[in-house]
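Here's the letter readout for the chains.
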Amino acid sequence: MTKSICVVGLGYIGLPTAVMFANHGVKVHGVDVNPAAVKSIQDKQLHIEENGLQERLNKAVDEGFLTASTTPVASDVYIVAVPSPINPDNTANLEYVRQATASIVPFVKKGDLVILESTVPPKTVENVMLPELVKSGLEIGTELFVAHSPERVIPGRIFEELVNNDRIVGGISQKSAELTKELYETFVKGTIHLTDATTAELVKVMENTYRDVNIAFANELAKMAEKLDVNIWEAIKFANYHPRVNVHFPGPGVGGHCIAVDPWFLVELGGEQAQIIHLSRNTNDSMPSFTAQKTQAILNKNGIAGATVAALGLAFKGNVDDMRESPSTIVIDELEKLGLTVVSHDPHIKQNKHKTQTQSMQEALEQADILVFLTDHKEFKELDPSTLNAKSKIVFDTKNCLNREAWEKAGFQFHLLGDAKN
Ligand code: SAJ
């Protein structure tokens, strides 16, 4: 049975999902409120960087399986994959989910399936989507099927993970879950586990919160490392040799649209009960300022005043071009607040995305009094310090991504976040 699918939201998740179904012979129509996103798909000019996406998009469009527009079209299945960000006060903004759901109501018919992919606070399907969907006049769960099927893919490896990861599918009724499973079996090789919608919502948010809390633990230890006179990276490596221990890693902060955001959903719902979760968010949010202060301390120790800092890496993590919630941008703000001048470079981020960007890495190296590595891009790991033409011989690695020995051998004074040996 080949169904037609309308995917609402053509971003980091919606577009790869749309392309994946289209590559498997399903007729897909993509919808985005942003006309530029729609045009870029029609023209096969990608607006996002993701391994393997361009080839798959070309195939989907050329074979006629993927079309796009700014408004929904009648289909058998509707997949909602729109942003679910937080407001400035850290409460959930579910307006995009509500609007996207409302936009498909005029098209749904008996037997159709509506799936939410966006990560949302538990009870969103029940409290935000269903009140819109009942306006169709269809009976929810028997005439109109509704499920939550949260994506669990990691940017940079989306296509591999879309196929191989297990999925948790939560239906508003058993039939809703079963129909969703059947649909995703078009390309998913991992196991698809069925549950109810609220459990699926909680599971997804729990997964990201687990990482946030674990990273906060590592960051707390990194801050203590200097007093303890240890290298926290080495300590974590040793601890993780234990078969039941998996301590995550410290860094200049936690970014991205997921791990830095989703725990707030639980803080909002849990209130006083969400203590560890709330504290972890605050700990991770304190890291950009900790990084800036440490940069300042290194400069002071070297007697350098009125310095220029090269912030290397603007993306929120290695090997992606995504700057959303990137701790690097907050580190830069904090450095500027301390009165330092900042120049920046990122091999994955196009020019003029950030006010401090230089034309090239070389331009940044020529001006800076200290090189601060904020993102573990492979281009940085592969740098040969002996051939670098830099004004400064001071380097601060916040991600443990450089080969300390090689940099010291090349004459650099080497500093590592979470290491007493500085
Ligand atoms: N980070 C650390 N220390 C670590 C690991 C990560 O500081 O030990 C930082 C990274 O530098 C980055 C941030 O955390 O700034 C988040 O990066 P990430 O790679 O942990 O996660 P995301 O946001 O790219 O993707 C996560 C994934 N969730 C889990 O691994 C549980 C992914 O599977 C989800 O699909 C995605 O969130 C999402 O969309 O929810």
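Owing to the predicted nature of the structure, the values given are computational and were not obtained by experimental measurement.

## A look at the UniProt feature "domain: UDP-glucose/GDP-mannose dehydrogenase C-terminal" (unreviewed entry) in the protein chain
- UniProt's feature table lists "domain: UDP-glucose/GDP-mannose dehydrogenase C-terminal" (unreviewed entry) at residues 310–404, given in the numbering used throughout.
- Taken end to end, residues 310–404 comprises 24% helix and 17% strand; its first and last C-alpha atoms sit 18 Å apart.

## Things to note about the environment of K44
- Structurally, the position occupied by K44 is in the loop between α2 (35–42) and α3 (53–62).
- Of the residues examined, K44 reaches a relative accessible area of 25% and is grouped as partly exposed.
- On a C-alpha basis, the gap between K44 and K59 in space is 9.7 Å, while along the polypeptide they are 15 residues apart.

## Observations concerning unusual backbone geometry
- A positive phi angle, close to 90 degrees, is found at K123, a residue other than glycine.
- Tracing the chain through its elements places K123 in the loop between β5 (113–116) and α5 (124–133).
- The backbone of D229 sits at a positive phi, close to 65 degrees, despite the residue not being glycine.
- The exposure class assigned to D229 is exposed, which follows from its relative accessible area of 61%.

## Observations concerning a nonpolar patch on the surface
- Residues M224, L228 and V230 make up a contiguous nonpolar surface patch of roughly 230 Å² in combined accessible area.
- Within the secondary structure, L228 sits in helix α8 (residues 197–228).
- Judged by its relative accessible area of 48%, L228 is partly exposed.

## Thoughts on the site of the ligand
- The ligand sits among 20 residues. The nearest are E151, V153, K204, N208 and F249.
- In this structure, an oxygen atom belonging to the ligand sits 2.7 Å away from a side-chain N or O atom of E151.
- Within the side chain of K399, an N or O atom sits 3.0 Å from an oxygen atom of the ligand.
- Here the ligand loses 89% of its free accessible area of 770 Å² to cover by the protein chains.
- Looking at the shell around the ligand residue by residue, the class counts come to 9 nonpolar, 4 polar and 7 charged.
- Mapping the shell around the ligand onto the domain boundaries places at least three of its residues in each of domain 1 (4–197) and domain 2 (229–416).

## Overview of helix α7 (residues 174–184)
- Of the positions making up α7, those classed as buried are S176, A177, L179, T180, L183 and Y184. What you see down the axis of α7 is that its buried residues fit within an arc of 165 degrees, all on one side.

## Some points on α8
- In this model α8 runs 46 Å from its N-terminal to its C-terminal C-alpha over 32 residues, within 8% of the 46 Å that 1.5 Å per residue would give.
- Bending of α8 peaks at approximately 25 degrees at the position of A222.
- Between the side-chain oxygen at the start of α8 and the backbone nitrogen of T198 there is a gap of 3.2 Å, and the oxygen is on D196.
- With its phi angle positive at about 65 degrees, D229 sits one or two positions after the end of α8.

## Topic: the domain arrangement of the protein chain
- When its domains are assigned, the protein chain resolves into domain 1 (4–197) and domain 2 (229–416).
- Domain 1 and domain 2 are separated by 34 Å when their C-alpha centres are compared.
- Of the roughly 1,300 Å² buried where domain 1 meets domain 2, counting both sides, 62% is carbon and sulfur surface.
- Counting the contacts that link domain 1 with domain 2 gives 0 salt bridges.

## Points about the packing of helix α10 (residues 262–270) against helix α11 (residues 275–285)
- Between α10 and α11, whose axes approach to 9 Å, the crossing angle comes to 140 degrees. As the angle between them shows, α10 and α11 are arranged oblique. Between α10 and α11 lies a crossing of left-handed hand. The residues of α11 that touch α10, namely those facing P263, W264, L266 and V267, are I277, H278, R281, N282 and D285.

## Side note on the packing of aromatic side chains
- Summed over all chains, the structure comprises 8 aromatic pairs.
- Here the aromatic rings of F238 and Y241 are separated by 6.1 Å at their centres, their planes lie at 45 degrees, and the arrangement is tilted.
- In this structure Y241 comes out as exposed when scored by relative accessible area, which is 60%.
- Residues W407 and F412 carry aromatic rings whose centres are separated by 4.8 Å and whose planes lie at 65 degrees to one another, so their mutual orientation is edge-to-face. Taken as a pair, W407 and F412 share a single burial class, namely buried.
- Ring pairs connect the aromatic residues F373, F380, W407 and F412, which therefore count as one cluster.
- Positioned over the ring face of F159 is R56, at 4.3 Å from the centre of the ring.

Parameters and conventions
Residues take numbers from 1 onward in each chain, read along the sequence in its written order. Under the rules for a predicted model, residues below a pLDDT of 70 receive no local features and side-chain atom pairs below 80 are neither given nor counted, while totals for whole chains, interfaces and linings still include all residues. Derived side-chain values reflect all non-hydrogen atoms in the structure, with water molecules and hydrogen atoms excluded from consideration. UniProt positions are given in the numbering used here, feature names are shortened, and annotations may be inferred rather than shown by experiment. A helix here means a DSSP run of H or I that spans at least four residues, while a strand means a run of E at least two residues long, and both kinds are numbered starting from the N terminus. The classification of residues rests on relative accessible area computed with a 1.4 Å probe and restricted to protein chains. Under 20% of the type maximum is buried, over 50% is exposed, and intermediate values are partly exposed. Residues enter patches when they are more than 30% accessible in relative terms and free of salt bridges; like-charged ones are connected within 9 Å and nonpolar ones (Val, Leu, Ile, Met, Phe, Trp, Tyr) within 5 Å. Surface accessibility follows the Shrake-Rupley procedure with a 1.4 Å probe radius. Residue values consider only the protein chains on display as shielding. Here a salt bridge means any side-chain nitrogen of Lys or Arg lying within 4 Å of a carboxyl oxygen belonging to Asp or Glu. Being near a molecule or strand, for a residue, means having at least one of its heavy atoms within 4 Å of it. In the analysis that follows, any N or O atom pair within 3.5 Å is treated as a polar contact, provided that within protein one partner can donate a hydrogen and the other can accept it, and provided that, for residues neighboring in sequence, both atoms belong to side chains. Residue type decides the class: Asp, Glu, Lys and Arg count as charged, Ala, Val, Leu, Ile, Met, Phe, Trp, Tyr, Cys and Pro as nonpolar, and the leftover types, Gly among them, as polar. The source of the domain bounds is an automatic or database domain assignment. Comment: arc refers to directions from the helix axis out to C-beta atoms. Given the number of residues in a helix, its expected span is that number minus one, multiplied by 1.5 Å. The term bend refers to the angle at a residue between two fitted axes, each drawn through seven residues, those ending there and those starting there. Put simply, buried area is how much 1.4 Å-probe accessible surface two parts lose in total, over both of them, once they are put together. Between the N-to-C directions of two axes lies an angle of 0 to 180 degrees, each axis being a line fitted to C-alpha atoms and, for a helix, fitted only over the stretch in contact. Relative orientations are named as follows: roughly parallel for angles under 35 degrees, roughly antiparallel for angles over 145 degrees, roughly perpendicular for angles from 65 to 115 degrees, and oblique for any other angle. Two helices that cross are described as forming a left-handed crossing if the nearer one is turned anticlockwise from the farther one by less than a right angle, and a right-handed crossing if clockwise. Residues count as neighbours in contact if any of their non-hydrogen atoms are within 4.5 Å of one another. Think of it this way: a Phe, Tyr or Trp ring, Trp meaning its six-membered ring, pairs with another when their centres are within 6.5 Å, and the plane angle makes it stacked under 30 degrees, edge-to-face over 60, tilted otherwise. The rule for a charge over a ring is simple: NZ of Lys or CZ of Arg within 6 Å of the ring centre, and within 35 degrees of the ring normal.

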